[in-house]
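# Residue-level structural notes
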Protein chains: 2
Amino acid sequence: MKGIRHLAEHLDVSIGTVSRALNGRPDVNEETRKRVLEAARKFGYVPNQSGRSLRQGTTNIIGFMIQTGTEITGQGDTFFMSVFDGVQEVFARHKLDLVALLCSSQEDPTEYLRRAVARGFADGLILSATQRHDARVQLLAERNIPFVTLGRTLTDAGQPWLDLDFEGMAQSSIDRLVARGHRRIAITRPHDDANLGYIFVERCREALAAHGLTLQENLIFRSTPNEAGGYQIGRDLLALDQRPTAIVLINEMIAIGFYRALSEAGVSPGSDIAVIGRHSPHAHFLSPSLTCFRLSLHDLGVALAQTLLSSMPTFAHHYPDAPANRLWPMELVDGESDAFRARES
Amino acid sequence: MKGIRHLAEHLDVSIGTVSRALNGRPDVNEETRKRVLEAARKFGYVPNQSGRSLRQGTTNIIGFMIQTGTEITGQGDTFFMSVFDGVQEVFARHKLDLVALLCSSQEDPTEYLRRAVARGFADGLILSATQRHDARVQLLAERNIPFVTLGRTLTDAGQPWLDLDFEGMAQSSIDRLVARGHRRIAITRPHDDANLGYIFVERCREALAAHGLTLQENLIFRSTPNEAGGYQIGRDLLALDQRPTAIVLINEMIAIGFYRALSEAGVSPGSDIAVIGRHSPHAHFLSPSLTCFRLSLHDLGVALAQTLLSSMPTFAHHYPDAPANRLWPMELVDGESDAFRARES
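Residues numbered from 1 in each chain as written. Chains lettered and ligands numbered in written order. Predicted model: local features only at pLDDT ≥ 70, side-chain atom pairs only at ≥ 80, totals over all residues. Heavy atoms only, no water.

Chain A has the name Putative HTH transcriptional regulator in an unreviewed UniProt entry, where Sinorhizobium sojae CCBAU 05684 is given as its organism.

Structurally, the position occupied by Asn144(B) is in the loop between helix H8 (135-143) and strand S4 (147-150). With 189 residues separating them in the primary sequence, Asn144(B) and Val333(B) have C-alpha atoms 41 Å apart. (Helix = DSSP H or I, 4+ residues; strand = E, 2+ residues; numbered from the N terminus.)

Moving on: the nonpolar core. In summary, soluble globular proteins display a tendency toward joint burial of nonpolar side chains. The biggest cluster of nonpolar side chains holds 116 residues, and the ones touching the most others in it are Phe64(A), Phe91(A), Phe64(B) and Phe91(B). Sequence-distant contacts of Phe91(B), defined by excluding residues within four places in its chain, comprise Ile62(B), Leu96(B), Leu98(B), Ile126(B), Ala305(B), Leu308(B) and Leu309(B). Grouped together as the second largest cluster of nonpolar side chains are 34 residues, Val99(A), Val99(B), Cys103(B) and Val137(B) included. (Core = buried A, V, L, I, M, F, W, Y, C linked by side-chain atoms within 4.5 Å. Buried < 20%, exposed > 50% of the residue type's maximum accessible area, 1.4 Å probe, protein only. Contact = heavy atoms within 4.5 Å.)

Residue and element names in this part refer to chain A. One open sheet accounts for six strands, arranged S7-S6-S8-S9-S10-S12; its pairing is mixed. Strand pairing shows two members of the sheet lacking a second neighbour, strand S7 (220-223) and strand S12 (331-333), which therefore form its edges. In this sheet, adjacent strand axes meet at a mean angle of 20° when their direction is disregarded. Both strand S6 (residues 185-190) and S7 contribute to a ladder of four bridges, which runs parallel. Following the sheet pairing, isoleucine 187 is matched in S7 by isoleucine 220. Its contacts with the sheet place helix H11 (residues 227-238) against S6, S7 and strand S8 (246-248), and it is angled at close to 150° to S7. (Pairing = 2+ DSSP bridges. Axes fitted to C-alpha atoms, helices over the stretch in contact; angles between N-to-C directions.)

Take the state of the cysteines next. Residues and elements named next belong to chain A. Using the criterion set out here, one finds zero disulfides over all chains in the structure. No disulfide involves cysteine 204; its sulfur sits 17 Å from that of cysteine 292, the nearest cysteine. A relative accessible area of 1% places cysteine 204 in the buried class. With a relative accessible area of 3%, cysteine 292 lands in the buried category. (Disulfide = S-S within 2.5 Å.)

As structure tokens, then:
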């Protein structure tokens, strides 16, 4: 509050008068208002948001919490920047600013979020990388902070969520591969307790069972969602006595490392093994081209923002039709990588 | 302050007592302190940082302002996530949290920053994408907010900065290409008033002049720093009556679109034109391999963080040797893309 006191002293008026003038209240003499605004401009006075948010209870900032660290992001991010773009398109209409809360993979996400909440600088939050059980959901629900999760979790506080349709991806991948004669099908899941891993594995298991097949535990590969993780899967798969004839990769970036491991061993996707993955900007560069599931990240960002705002009293009336929960479809893009057909055994 | 008032009412003690107990002051009865802490835990009370930062003047948050929007980031980011990683490694030692301030390319960066500053939630700032003249520097200097810029600018408030050695890149590229017989050399610069464009163009001009050559204005291509920008450069270059025999690409991602445009026209880097660019994770995928300038983004992040902290009174003693200004070297990695030699004309 140092700034406002200096202004008051300089103008020889009370602090209250300066405050009222700066806040556009009617009970200030017009000439005084002009003098105050002029002096504020001259001295570069900016209202301190710490004081403001105590009074108004809003900061007009929304935080988007993402995981960082090379273990997660590998050599960059090709997902969140596009999602941010969609989110910002919606927030701009309401003069809301988006900040990314960068939680290092070295940190406990709940402790990180507890600190961010204590700092009280966001009016609402978007959480990503939801875990099977996610204490962050409970934390925000208790604190009464509006939030939406990108991803589901078993921790249920009635929160709004959007999630990619991993069930749909599992079902179509398995049906497609089985129709092409595959019986030994490998799948991948995240290295951590990400909820999507559980959903994906379960639906793959069910889809295989519907064809009279069993998901073999040693054909479920865990990996970090980056190139290095994909390379390791490739090496591990090639080392198996009885190799699978097909694999479904759950993350975008692992296809790149997986291709590299195969290539080093002279094994070719599409000719020697069927591969289905997720779309990324890198998919163009892969040869043979990757059969993959694609979605509009920008549109996902728009929907995330709308769902969050529909849960905030100030903005809800703008988004009466935004669904509180939504499975986001992914589209299968044909490539060459799953052209390989297994011989009936 | 709602939380603390509720606690006081519930415990039937004064707000001051609750506050003193929560802040670990000695002038509180031990039994009262226990009751307060227990109730705080039970009701999930978290001290509101808005109140706290007014008293303590610190938030332990550092903001890193980056530009977003597809026009800038194209299909993702392969630069900042790695820089963030290095920054966070240093900040973690001091319990500082990094947040990314995402300024959409649709917005005026100075207005955006003015708002962020008004919200007062960061103890320090890192600015990127510095422009030739950058009003953000003046703004932060006037507000007395510690900051460092990634990139130089003519706007001089004595601020600390780190920048990539674009002079070195210009000099070695030109020397190398001239040594291989090139006389018609094209270069690229950013679409906007980014300071690095001025530095790069000027040094290329000087380096050419030292060889008795002239930088031709129609061989300076402007583009957004993404794949689409590179594609457009490729198209424009191919449409010239008299094509250059070599080109130096200033941004990472433009090589990808540039290669694509050449490939569509049956023109091959390394065989038909010499190309030098910047390293990115995508460089692996380019064929023929790209001769490019590379740097450790993680180490750059570490240095940025140290330079910022060395300018903050609380942390300066930890980093007595951090230089306030620093040109960060880039290493030339040999590839096949500049193997083409021009015939002496």
